[in-house]
Amino acid sequence: MAANSFMVPLGTAAPAFDLTAINGGSVSLEDLKGSPATLVMFLSNHCPYVRHIEDGIGALANDYGARLSVVAICSNDAVNYPDDDPTHLAEQAARARFPFPYLLDDTQEVAKAYRAACTPDFFLYDGQLQLVYRGEFDGARPGNSVPVTGSSLRVAIDALLEGDPVPEEQIPSLGCGIKWKPGNAPA
C-alpha cells in the first residue's frame, strides 16, 4: 500500500546512527560529518516505487560525487520481506550502480528516529546536519510517463551546494510503507 513521507519539520537535526553495511563493516552519522550536504535515504529492493527510480538514484549519487555524502538505509522486516535481505540489497546496489553505503536497520530504530514512512524516503541535511529537504525524488511514479531525473531532489542539492536557500515548498515522497516487524510500528 502506498504511503507518503511524514514531512519532518525543516531544521530538524539528523538523528545519530551506527549501522552495519550490506558488504560488512559499519557506517555512522559521524562518518558523514564534514560534507556541505548529506543525503540519508530509506530504500528497499522489493518496492516498485524504488525500483522505478533506482537507476536515477545511482546516477544522482555518481553525478554529485564527493560534494554530497550519501547513505541508504533499509529498515524493512527482511524475514517477512526476503527480497529486502542483505543478498538482494547487494544485487540492487550493483544493478543500480549505487556508489554509497547501503545499511541495515534491523531494529528499525533508525527509521523511527528519522520518522521514515516509506521507501523511498529522502532526507537532505546541510553542513551542520540540519534538515533542509524531505520529499520526492521527482514526479516519476510507476505507471506515469514522467521521466526519472531526480529533479526535485537535485534542485534542493544544487541550492544547498551553491549557498542559496532550499525551496521550502516540497512535495512528499510516495512509496511503499516501511515493512515494520510485528508489534514494532510507531504509534
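Residues numbered from 1 in each chain as written. Predicted model: local features only at pLDDT ≥ 70, side-chain atom pairs only at ≥ 80, totals over all residues. Heavy atoms only, no water.

**Brief notes about the state of the cysteines**
Operational definition: For the purposes of this analysis, a disulfide is any pair of cysteine sulfur atoms at a distance within 2.5 Å.
By the definition in use, this model includes one disulfide. C47 provides the cysteine sulfur closest to C74, a residue in no disulfide bond, and the two sulfurs are 10 Å apart. Free of any disulfide, C118 has its nearest neighbouring cysteine sulfur in C47, separated by 8.1 Å.

**Describing the sheet that holds strand β4 (residues 37-42)**
Within a beta sheet, neighbouring strands are joined by backbone hydrogen bonds and run either parallel or antiparallel to one another. Our working rule: By this definition, two strands are paired if DSSP reports at least two bridges between them. Put simply, DSSP H or I for four residues or longer makes a helix, DSSP E for two residues or longer makes a strand, and each gets a number counted from the N terminus. Only C-alpha atoms enter the line fits that serve as axes; for helices the fit covers just the stretch in contact. Angles between N-to-C directions range over 0 to 180 degrees. Pairs of residues are marked as contacts when any of their non-hydrogen atoms sit within 4.5 Å.
Sheet architecture is open: seven strands sit in the order β3-β2-β6-β5-β4-β8-β9, paired in mixed fashion. Here the strands that pair on one side only, and so sit at the sheet edges, are β3 (26-28) and β9 (131-135). Along the sheet, successive strands turn relative to each other by an average axial angle of 30°, direction set aside. Packing against the sheet, helix α3 (residues 86-95) makes contact with β5 (69-74) and β6 (102-104), and its axis sits at approximately 165° to β6. Each of β4, β8 (121-126) and β9 is contacted by helix α5 (residues 151-162), which is oriented at about 10° to β8, the strand it contacts most.

**Examining the pairing of strand β10 (residues 174-177)**
Direction of pairing for strand β1 (residues 2-4) relative to β10: antiparallel, over a ladder of three bridges. Considered in β10, the bridge of N4 is made with L174. Judged from the two bridges that link them, strand β7 (residues 118-119) and β10 form a sheet pairing that is antiparallel. Looking at the pairing, T119 lines up with C176 of β10.

**Examining the packing of aromatic side chains**
Test applied: Stacked, tilted and edge-to-face are the three classes assigned to paired rings of Phe, Tyr and Trp, where Trp is represented by its six-membered ring and a pair needs centres within 6.5 Å; plane angles under 30 degrees give stacked, over 60 edge-to-face, the rest tilted. Buried residues are those whose accessible area, probed at 1.4 Å on protein chains only, stays under 20% of the maximum for their type, while exposed residues exceed 50% and partly exposed ones sit between those limits.
For the coordinates displayed, the defined rule picks out eight aromatic pairs. Ring geometry for Y114 and Y125: centres 6.2 Å apart, planes at 85°, overall edge-to-face. In this pair, Y114 sits in helix α4 (residues 109-114) while Y125 sits in strand β8, placing the two residues eleven residues apart along the sequence. Neither Y114 nor Y125 differs from the other in exposure class; each is buried. Clustering of aromatic rings is evident, with ring pairs tying together F17, F42, Y114, F123 and Y125.

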